[in-house]
Amino acid sequence: MSQEVRELAYSPILWAVTITAISLVLILATFYLVKAVKVSKEMGITQKQLKDAAKTSAIASIGPTIVICVGMISLLVMVGAPTAWMRLSVIGDITQELMAVGFSTDAYGLTATAESITPEILQIAVFLMAIACIGYLTIPVFLAGKIEVFVKKLGSKGGAGTTGIIALAAVLGCYAYVDAPYLIALNAGTVAMIVGFLAMLILQSIQVKFKQEWLNAWGMIIAMFVGMGAGAVVA
C-alpha cells in the first residue's frame, strides 16, 4: 500500500464513520438485549434458560469470529483498518468485500493486491461495498411488516402448524442457499461442509442418548473445527 493510499485509507473521516457505525450497532444490540430480557420474563422464560441461551450463543460465535478475524487481515492490507473493521463488524461477509476489491481492480486491468490499490481503486471498492449491501438493509424495512401479515393469514387459514412449517422452510432455504455452492464445488470446502455436518449429527446423537447437556453449547463449535480440520487436510 502506497503512502498516498495509506493516508486515504486511514483518514480521520473513515475512522469517524467506522466508529459511528460500530457504536450504532452496539447501541442497537444493547437495546434489543434489554428488550428481549424484559419480554422473556413476561413470557415466563426462566433465568436459567436465559443464561443457557446466552452461553450457547457466545460459544457458537467463536468459530465465525475466528473466520472473520482471519479474513480481516486479508482485507486490511488492501483497504486499511477502518474500512475492514467496519465492513466485517457490521456485515461480516469477507467474500463480498473481497469481491468488491476484485471488481475494482479488474476495472483497471489489475490484480487485487496491496500494491495494485490506488486511491481511485480504493474509493471505488468502498463505494461498491456500501452499494452492495443497500438491498438487504432496506428491503426488510419495506417488506417485513407485509410478510408478517401474510404469514399470519396463512397461519390462520392453514392451522396452528402452518406458521411453524413456513418458518422451518425459510430457515432450511437460507442454509441451502449458503451451503449449495460448497456442496457442488467438489473441493476442500465440500469436504469441510460434509464432515462438519456429520460431526454435528454424531454430537447431537451423543447429547440425546447420554444426556450430555454441555454439548448443546459446545456441539456447533466442535463440529465447525472438525469440518475446518478435514477441509485443511484435503486442501
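Here, the structure is the one placed above.
Bear in mind the structure is a predicted one, so any value in this text is a computation, not a measurement. (Residues numbered from 1 in each chain as written. Predicted model: local features only at pLDDT ≥ 70, side-chain atom pairs only at ≥ 80, totals over all residues. Heavy atoms only, no water.)

## Things to note about the side chain of T18
Okay, step 1: Take T18: it is sitting in helix α2 (residues 12–43).
Okay, step 2: Not counting the four nearest positions on each side in its chain, T18 is found in contact with P82, T83, W85 and M86. (Helix = DSSP H or I, 4+ residues; strand = E, 2+ residues; numbered from the N terminus. Contact = heavy atoms within 4.5 Å.)

## Examining unusual backbone geometry
Okay, step 1: Positive phi is not limited to glycine here, since L186 has a value of about 55°.
Okay, step 2: By secondary structure assignment, the location of L186 is in the loop between α9 (160–185) and α10 (188–210).
Okay, step 3: Overall, the relative accessible area of 71% leaves L186 in the exposed class. (Buried < 20%, exposed > 50% of the residue type's maximum accessible area, 1.4 Å probe, protein only.)

## Description of helix α7 (residues 119–132)
Note that an α-helix has 3.6 residues per turn; residues three or four places apart therefore point the same way.
Okay, step 1: Its 14 residues give α7 an end-to-end C-alpha distance of 20 Å, which sits within 8% of 20 Å, the value for a rise of 1.5 Å per residue.
Okay, step 2: Regarding α7, the residues found buried are P119, I121, L122, A125 and M129. When α7 is viewed along its axis, its buried side chains cluster within an angular range of 165° and face the same direction. Exposed residues pointing more than 90 degrees away from the buried face of α7 are listed as F127 and I131. (Expected span 1.5 Å × (residues − 1). Arc of directions from axis to C-beta.)

## Topic: α10
Okay, step 1: Taking 1.5 Å per residue, 23 residues should reach 33 Å; α10 reaches 32 Å between its end C-alpha atoms and fits that length.
Okay, step 2: Taken as a whole, α10 has its buried residues at A188, T190, A192, G196, A199, L203 and Q207.
Okay, step 3: One side-chain oxygen at the N-terminal end of α10 lies 2.9 Å from the backbone nitrogen of G189; it belongs to N187.
Okay, step 4: Looking one or two places after α10, you find K211, whose phi comes out positive at around 55°. (Polar contact = N/O pair within 3.5 Å; in protein donor to acceptor, adjacent residues only side chain to side chain.)

## Focus: the nonpolar core
Okay, step 1: In terms of nonpolar packing, the biggest core is built from 15 residues, with L75, M78, V79, V101, I117, L122 and M129 touching the most fellow members.
Okay, step 2: Elements that contribute at least two residues to this core include exactly α1 (3–9), α4 (62–79), α5 (81–90), α6 (94–106) and α7.
Okay, step 3: Counting residues per element, this core draws most heavily on α7, at 4 residues.
Okay, step 4: Leaving out residues up to four positions away in the same chain, V79 has contacts with M1, A9, A84, V101, L122 and M129. (Core = buried A, V, L, I, M, F, W, Y, C linked by side-chain atoms within 4.5 Å.)

## Description of the pattern of salt bridges
Okay, step 1: What the rule picks out here adds up to 2 salt bridges.
Okay, step 2: Note that D52 is salt-bridged to K48, the shortest N-O span being 2.9 Å. Of this pair, D52 and K48 both sit in helix α3 (residues 47–60), separated by 4 residues, roughly a single helical turn.
Okay, step 3: On the basis of relative accessibility, which here comes to 30%, the residue D52 falls in the partly exposed class. (Salt bridge = Lys/Arg side-chain N within 4 Å of Asp/Glu carboxyl O.)

## Section: the side chain of S40
Okay, step 1: Summarising the element assignment, S40 is placed in helix α2.
Okay, step 2: When near neighbours in sequence (up to four residues on either side) are disregarded, S40 contacts I45 and L50.

## With respect to the packing of α6 against α7
Okay, step 1: Between α6 and α7, the least distance of the axes is 8 Å, while the angle of their chain directions is 135°. Between α6 and α7, the crossing angle belongs to the class labelled oblique. Crossing geometry of α6 relative to α7 is assigned as right-handed. Here Q96, E97, A100, V101, F103, S104 and T105 of α6 lie close against α7, whose contacting residues are I121, I124, A125, L128, M129 and A132.
Okay, step 2: A class-by-class count of the residues in the contact of α6 with α7 yields 9 nonpolar, 3 polar and 1 charged. (Axes fitted to C-alpha atoms, helices over the stretch in contact; angles between N-to-C directions. Parallel < 35°, antiparallel > 145°, perpendicular 65-115°, else oblique. Left-handed = near helix turned anticlockwise from the far one by under 90°. Nonpolar A, V, L, I, M, F, W, Y, C, P; charged D, E, K, R; others polar.)

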